[in-house]
Amino acid sequence: MRAKLETLKRITKLYEAVEEAHSAELTRAAAALGEVRNAVDAERMSAGNAFYEGREAMASGDRVGWMAADSQRRAAGAKLGRLAAVHAERKRSSDVAREQYVASRRKSEQMQRLAAGAAEQVTVHEEKKVQAATDDRFLARQRWVNASSTRGGPRRMKAF
């Protein structure tokens, strides 16, 4: 029974290690997704700034300034398009990592409960063994005392 418990404990540690690995992967995927979100926000801000700069340039009659702002706005739009594809891929990777982590977490918790149940069974079994041995000693002593009293009283043991 103890060997089974030790095996379960080793398996539980293995599941915990897998859970930690999946947790690290989820953290990495979430960080990568956050980087893309930050880049998307920066490009949106850049596109917005270019739009307003182009508007000001057009209002002031600055054709070169308007063209530069329009070029910057288009470049930001193109970057946003590429970043959207990267964002979608990283979002998918993050979702997969989250699913793997949740599954490994669930399995790890199941193994922990299984090992705890087995440890409890071992403890109960050992307590029953100890109690049975105590009961056997008590009954043996009681039989000895009863047998001694029917033969003429209890004998006293000599001290060494």
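This write-up is about the structure you can find in this document. Source: prediction; values computed, not measured.

Let's shift gears to the nonpolar core. Soluble globular proteins tend to pack their nonpolar side chains together in the buried interior. Formed by Leu5, Leu8, Met111, Ala115, Ala118 and Val122, the largest nonpolar core amounts to 6 residues. Elements with a minimum of two residues in this core: helix H1 (2-60) and helix H2 (63-150). Tallying contributions element by element places H2 first for this core, with 4 residues. Residues within four places of Met111 in sequence aside, it is in contact with Leu8, Ile11, Thr12 and Tyr15.

Let us look at H1. Counted at 1.5 Å a residue, the expected span for H1 with its 59 residues is 87 Å, and the 86 Å between its end C-alpha atoms agrees. Phi turns positive, to about 85 degrees, at Gly61, one or two residues after H1.

Attention now goes to the packing of aromatic side chains. The geometry of an aromatic ring pair is captured by the separation of the ring centres together with the interplanar angle, meaning the angle of the planes. Summed over the entire model, instances satisfying the criterion amount to 1 aromatic pair. Aromatic pair Phe51 and Tyr52: ring centres 5.4 Å apart, planes at 75 degrees, arrangement edge-to-face.

Inspection of the secondary structure assignment puts Arg141 in helix H2. For Arg141, a relative accessible area of 55% puts it in the exposed group. C-alpha separation for the pair Arg141 and Glu127, spaced 14 residues apart in sequence, amounts to 21 Å.

We now examine the pattern of salt bridges. Under the counting rule described, the total for this entry stands at 9 salt bridges. A salt bridge links Glu25 to Arg28; its shortest N-O distance comes to 2.7 Å. Here Arg28 and Glu25 lie together in helix H1, a separation of 3 residues that amounts to about one turn. Since its relative accessible area comes to 32%, Glu25 is described here as partly exposed. Here the salt bridges do not stand alone but share partners, grouping Glu19, Arg105 and Glu109 into one network.

What counts and what doesn't
Residues numbered from 1 in each chain as written. Predicted model: local features only at pLDDT ≥ 70, side-chain atom pairs only at ≥ 80, totals over all residues. Heavy atoms only, no water. Core = buried A, V, L, I, M, F, W, Y, C linked by side-chain atoms within 4.5 Å. Buried < 20%, exposed > 50% of the residue type's maximum accessible area, 1.4 Å probe, protein only. Helix = DSSP H or I, 4+ residues; strand = E, 2+ residues; numbered from the N terminus. Contact = heavy atoms within 4.5 Å. Expected span 1.5 Å × (residues − 1). Phe/Tyr/Trp six-rings, centres within 6.5 Å; stacked < 30°, edge-to-face > 60°. Salt bridge = Lys/Arg side-chain N within 4 Å of Asp/Glu carboxyl O.

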